[in-house]
Each structure stands twice: as structure tokens, then as C-alpha cells.
Amino acid sequence: MRLVLMEFVTLDGVSQGPGSPSEDTSDGFTRGGWLVPFIDETFVRRTSEWLDLADGLLLGRRTYDAFARDWPRITDPDDPFADRMNSLPKYVVSQTISEGGWQPTTVLQLDGVEELKAREGRELQIHGSARLGSALVRAGLVDVVRLVVAPTVIGAGRRLFEQSAETAGLKLAKYEATPSGLMLLEYETAGVAAVGDYEGVSAFV
């Protein structure tokens, strides 16, 4: 399976609490809900298409707990995500739990991700779980990074990619702007980040 990191982020890289002020208030975060004003039909359609590609969800403990609390409560038959989120296999990377109540759930250690990725299938998708996702990008295990970038700067909260000793190169594969101003970006991972010396524009034309 391809390992795909899917994240909602602000222009300043914050991934914490996109859906509600009360979604994730850890570390005193009070600025959640920043994605909601920009949700539109194009966003819903495209993210639903992305979820169609998933054969499983890979989650960190914090995101798993929030999803297990919230998704089973969504029973609207017209909701385009709830049935699939609740029925897809969930794989939780955690050292603090041995089982999960949001079925079907499998708990594994970080070193089990590579074996899971080697199984037959389409996509194993990381939703939320920014710390897990960024660690797996740095480890070279992520194949695709899909970002929904909201046109807002909130100045606080956990960022998707914090400072690290490792670098990661990305190659833009697809992009789209929604009517509300969201940028939908898909990158393929490309090893370490490239660098170079600027020697004038003549070197590039």
C-alpha cells in the first residue's frame, strides 16, 4: 500500500484543531475551527474521493481518541464520510494502549508501520496525527503528502512540520484551488530536500 499523509493546515503550518474550537485544546490551544469557514462543495467532493482510495487509516493515539469519540456520533445517512470512517480498518501507533474500542482497530508500534505498508492494497492514509505523519515523512516511509491549505494565519498551535535534524524533499504532483480559497496540494516524496547556489537567472532559462 502507498502510505499517504493527509493534513489540513493554515498558511503558517498549523494543523491543530481544524474542525472546531473544542476539537483539540491541548497545550492551551484556543484557536481551533479555522478550516470551517472555507469548507465548500469542491472541498467535500475532493476529500471524499481521496477517502475512496483508502484501505485503512493509520492514526496516532491523540487523533485516534478524538476520532473514536466523534465519528461514531455522526449518524446522518447523507454524511459523505461517516460510514467509511467508521468501517475502515484503523491502525493506531501507540505505546500506551493495547486495544481500541472503535472497531475495527489494531494497535501497533512504530516499527510495525513498514510491515503494514508492505501489504497488498491501495492507500494507507494518515489523517490528522501530525506528529506521527511528520516522523514517518522524515523516516522516508511516506509516499504522498496531500495538504488542504486554508487561507488564514492563526499564529499558535502545533505545526505539521516542526524543526528536525532530517530534511524531506517533495515533488508537486497535483494542485487545485477551491472557490472558497482552499489550496488542495498533492506531493510525492523525493528523498532529502534539494539545495543549490543561486548564480543568476541565466542558469534557469
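The present account deals with the structure reproduced in this document. (Residues numbered from 1 in each chain as written. Predicted model: local features only at pLDDT ≥ 70, side-chain atom pairs only at ≥ 80, totals over all residues. Heavy atoms only, no water.)

### Details of the nonpolar core
Point 1. Counting 23 residues, the largest nonpolar core has L3, L58, V113, L136 and V142 as its most contacted members.
Point 2. For this core, the secondary structure elements donating two or more residues are β1 (2–10), β3 (90–93), α4 (113–117), β5 (123–127), α5 (130–138) and β6 (144–150).
Point 3. No other element matches α5, which puts 4 residues into this core.
Point 4. In contact with V142, other than residues within four places in its own chain, are L3, L5, I126, G133, L136, V137 and T189. (Core = buried A, V, L, I, M, F, W, Y, C linked by side-chain atoms within 4.5 Å. Buried < 20%, exposed > 50% of the residue type's maximum accessible area, 1.4 Å probe, protein only. Helix = DSSP H or I, 4+ residues; strand = E, 2+ residues; numbered from the N terminus. Contact = heavy atoms within 4.5 Å.)

### Points about the environment of G155
Point 1. Tracing the chain through its elements places G155 in the loop between β6 and β7 (170–177).
Point 2. Once the C-alpha coordinates of G155 and R31 are considered, the two residues, 124 residues apart in sequence, prove to be 9.0 Å apart.
Point 3. Non-local contacts of G155, meaning those with residues more than four positions away in its chain, are made with D12 and R31.

### Some points on the layout of surface pockets
Point 1. Estimated volume of the largest pocket: approximately 1,200 Å³.
Point 2. What lines the largest pocket is a set of 40 residues, and nearest its centre among them are F8, P18, E23, F67 and G128.
Point 3. Looking at the lining of the largest pocket, the elements with two or more residues in it are β1, α1 (41–52), α2 (61–70) and α5.
Point 4. Looking at the lining of the largest pocket element by element, the count peaks at 8 residues for α2.
Point 5. Taken together, 13 residues form the lining of the second largest pocket, with R46, W50, K174, E176 and E186 sitting closest to its centre.
Point 6. Every element with two or more residues in the lining of the second largest pocket is listed here: α1, β7 and β8 (183–189).
Point 7. Per-class residue counts for the lining of the second largest pocket are 5 nonpolar, no polar and 8 charged. (1 Å grid on protein atoms, 1.4 Å probe; cavity = no way out; pocket = protein on both sides within 12 Å on 5 of 7 lines; lining within 4 Å. Points joined across faces, edges and corners; volume = space filled by probe spheres on them. Nonpolar A, V, L, I, M, F, W, Y, C, P; charged D, E, K, R; others polar.)

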